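Spelled out from the first residue to the last, the chains are:
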Amino acid sequence: YELAFRMQAAVPEVVRLQDETEATQKLYGLDRPPTQNMARMCLAARRLVERGVRFVQIYDDGWDAHTKLKENHTKRCEAVDRPIAALLRDLK
């Protein structure tokens, strides 16, 4: 119970992404509309890992396309490449 309470109490700090440096925000893509959503999720994931969370899942919807594959996947890749690369770099 105590651990769960401490983790819940840490959430406001974890999602306060403006505490990150401008360089980190840019690295993750918070400054670019196409990457902002994934950037927020990847930064929050990194911050959770830094605080001891052992398993974090990031979910990005929109990959199940049956038409316009090149157009759809080009947009999805643009939205996720930068944030995921930054997260992997930081976790390494």
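For the structure itself, consult the block above.
Conventions adopted
- Residues numbered from 1 in each chain as written.
- Predicted model: local features only at pLDDT ≥ 70, side-chain atom pairs only at ≥ 80, totals over all residues.
- Heavy atoms only, no water.
- Helix = DSSP H or I, 4+ residues; strand = E, 2+ residues; numbered from the N terminus.
- Polar contact = N/O pair within 3.5 Å; in protein donor to acceptor, adjacent residues only side chain to side chain.
- Contact = heavy atoms within 4.5 Å.
- Core = buried A, V, L, I, M, F, W, Y, C linked by side-chain atoms within 4.5 Å.
- Buried < 20%, exposed > 50% of the residue type's maximum accessible area, 1.4 Å probe, protein only.
- Expected span 1.5 Å × (residues − 1).
- Bend = angle between axes of the 7 residues up to and from the residue.

The next thing to look at is the side chain of D60. Turning to its location among the elements, D60 is positioned in the loop between α3 (36–50) and α4 (69–91). One polar contact links D60 to W63, side chain to side chain, over a distance of 2.7 Å. Polar side-chain contacts of D60 include one of 2.6 Å to the side chain of R76. Every residue in contact with D60, bar those within four places of it in the chain, is listed here: M38, R76 and V80.

Before going further, it helps to spend a moment on the nonpolar core. Soluble globular proteins: nonpolar side chains tend toward being buried together. Within the largest apolar cluster, 11 residues are counted, these being L17, Y28, L30, M38, A39, C42, L43, A79, V80, A86 and L87. When residues of this core are traced back to their parent elements, those giving at least two are α3 and α4. Leave out the neighbours within four places in its chain, and A79 touches P34, T35 and M38.

So, on to α4. Look at α4: 31 Å from first C-alpha to last across 23 residues, which is about the 33 Å you get at 1.5 Å a residue. Largest kink in α4: about 35°, centred on V80, with the proline P83 one to four residues after it. Buried residues in α4 make contact with α2 (22–28) and α3.

Peptide bonds are, in most cases, trans, and in most cases residues other than glycine have a negative phi. Positive phi, close to 50°, is recorded for K68, a residue that is not glycine. With respect to the element layout, K68 can be found in the loop between α3 and α4. The class of K68 is exposed, set by a relative accessible area of 61%.

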